[in-house]
Amino acid sequence: MSLEQASEIQRRMYDFIVNYMKSEGMPPTNREIGRELNIASTGHVDYHLTMLEKKGLISRQAKKSRGIKLTKQTHEGIPVMGTIAAGEPLDIFEGATDSVDVGHNFTDTENSYALVVRGRSMIEDHICDGDYVVIKRQETCQNGDIVVAVHMQEGVSGSATLKRFFQEKDHDRVRLQPANSELDPILIPKSVWDREWQIQGKVIAIFRQCISAA
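Residues numbered from 1 in each chain as written. Predicted model: local features only at pLDDT ≥ 70, side-chain atom pairs only at ≥ 80, totals over all residues. Heavy atoms only, no water.

As annotated in an unreviewed UniProt entry, the protein chain is LexA repressor from Dictyobacter formicarum. The protein chain has a UniProt comment under Subunit (unreviewed entry) that states "Homodimer." As its UniProt record puts it under Function (unreviewed entry), the protein chain is described as follows: "Represses a number of genes involved in the response to DNA damage (SOS response), including recA and lexA. In the presence of single-stranded DNA, RecA interacts with LexA causing an autocatalytic cleavage which disrupts the DNA-binding part of LexA, leading to derepression of the SOS regulon and eventually DNA repair." (UniProt positions renumbered as here; feature names shortened; annotations may be inferred.)

Have a look at this one:
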C-alpha cells in the first residue's frame, strides 16, 4: 500500500520519521514523534504507528524505544526510464540507472518515472529539448493535461507523443495539441482513439538539470 492511502497525520508522522532518520541516523522514539506532532498521548502515537505498519510503510521491533524501520526506499530520486520524442517510439532504457533529484517536497515518487524530452513540440509550455518530465502512471486524464499518448500498432506500443489532451465532444474527436505554433495538432476520431490509442501517464513536473547516479 502507498502513503497516499494514509491519513494526513500518518503522512506527517511518516515524513518526520524519514527526515529524523536522515538527520540523526536513527529512528525517533514515540515521545519524540508525539512532541513533534503535538500529540500528548504516546498511545495515540502508537496507534498511528500501527496503522503505518499495517500499510507496509514501516516495521517495528517490540520493546525497543527506537525500533522503527522503514520498509521502502526514501530517496527523492525519480528513475529516468527513457526518452520521448514526438511521433517516435518510446525509447525505454534497460533498467533505470539514472535518476532525477526532485527534492523533499515531492510526494508521489512511488508511482512516477521520468523521461528525457527530445524535440521542440512543447516549447511554448517551457518544455525544452533535453528537459526531464516526471510522469505519473495513469490511463485516464482530463482536458488540458499534458500526457504521454501512445499509438498502438496491432496491440503493441508504437509511436508515442507528448501533447496536451483535449476531448472535443462537438467534433467527436480527440485533439493532441502541441505547444509550438509552427506545428499542427493531431486530430483523432473518437472511435479510432478508443481502438488504437492509450494514455500511459500525465506530466506532473518538469526539471531542467543533469541526471545523477541512482
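**Q** Whenever I open this one, the overall build of the protein chain confuses me. Can you help?
**A** Along the protein chain, the regular secondary structure elements total four helices and 14 strands. Looking at the protein chain residue by residue over its 214 residues, the buried ones come to 41%. Contacts spanning at least 24 positions in sequence make up 57% of the contacts within the protein chain whose residues lie at least 6 apart. Here the protein chain displays about 12200 Å² of accessible surface, and carbon together with sulfur accounts for 46% of that area. (Helix = DSSP H or I, 4+ residues; strand = E, 2+ residues; numbered from the N terminus. Buried < 20%, exposed > 50% of the residue type's maximum accessible area, 1.4 Å probe, protein only. Contact = heavy atoms within 4.5 Å. Areas by Shrake-Rupley, 256 points an atom, 1.4 Å probe, with all protein chains shown as cover.)

**Q** What should I look at first to understand the pattern of salt bridges in this one?
**A** Proximity of charged atoms lets side chains of opposite charge pair with each other. This structure, assessed with the given rule, holds eight salt bridges. The partner of Arg175 in a salt bridge is Glu168, and the shortest N-O contact between them spans 2.6 Å. The shortest N-O distance in the salt bridge between Lys190 and Asp194 comes to 2.9 Å. Of the two residues, Lys190 and Asp194 both sit in helix H4 (residues 190-196), four residues apart, roughly one turn of that helix. (Salt bridge = Lys/Arg side-chain N within 4 Å of Asp/Glu carboxyl O.)

**Q** I keep staring at the packing of helix H2 (residues 30-37) against helix H3 (residues 42-54) and nothing clicks. Help me out?
**A** Look at H2 against H3: their axes get within 9 Å of each other, and the N-to-C directions meet at 95°. By the angle between their axes, H2 is roughly perpendicular relative to H3. On the side of H2, the interface is formed by Asn30, Arg31, Ile33 and Gly34, while H3 contributes Thr42, Val45, Asp46 and Leu49. Along the lines of polarity and charge, the residues of the contact of H2 with H3 split into three nonpolar, three polar and two charged. (Axes fitted to C-alpha atoms, helices over the stretch in contact; angles between N-to-C directions. Parallel < 35°, antiparallel > 145°, perpendicular 65-115°, else oblique. Nonpolar A, V, L, I, M, F, W, Y, C, P; charged D, E, K, R; others polar.)

**Q** How do you make sense of the nonpolar core when you look at a structure like this?
**A** Soluble globular proteins: nonpolar side chains tend toward being buried together. In this structure, Leu115, Ile127, Val133, Ile135, Val148 and Leu162 are the most contacted members of the largest nonpolar core, which totals 16 residues. When contributions to this core are tallied by element, the ones reaching two or more residues are strand E7 (112-118), strand E8 (132-136), strand E9 (146-153) and strand E10 (156-168). With four residues, the top contributor of residues to this core is E9. Setting aside its immediate chain neighbours within four residues, Leu162 contacts Ile84, Val117, Ser121, Met122, Ile127, Val133, Ile146, Val147, Val148 and Val203. (Core = buried A, V, L, I, M, F, W, Y, C linked by side-chain atoms within 4.5 Å.)

**Q** Teacher, can you tell me more about the UniProt feature "active site" (unreviewed entry) in the protein chain here?
**A** Annotation from UniProt places "active site" (unreviewed entry) at Ser121 and Lys163. Despite a sequence span of 43 residues, these residues sit close together in the fold, their greatest C-alpha distance being 8.0 Å. Relative to the assigned elements, Ser121 resides in the loop between E7 and E8. Residue classification places Lys163 among the buried positions, given a relative accessible area of 5%. Engagement of the side chain of Lys163 in a polar contact is seen with the side chain of Ser121, the distance being 3.5 Å. (Polar contact = N/O pair within 3.5 Å; in protein donor to acceptor, adjacent residues only side chain to side chain.)

**Q** What is the right way to read unusual backbone geometry from this model?
**A** Trans peptide bonds make up most of the peptide bonds, and negative phi angles are found at most residues other than glycine. Positive phi, close to 65°, is recorded for His126, a residue that is not glycine. Topologically, His126 is positioned in the loop between E7 and E8. Classification of His126 by relative accessible area gives exposed; the value is 60%. Phi is positive for Asp172, close to 55°, though the residue is something other than glycine. Summarising the element assignment, Asp172 is placed in the loop between E10 and strand E11 (173-177).

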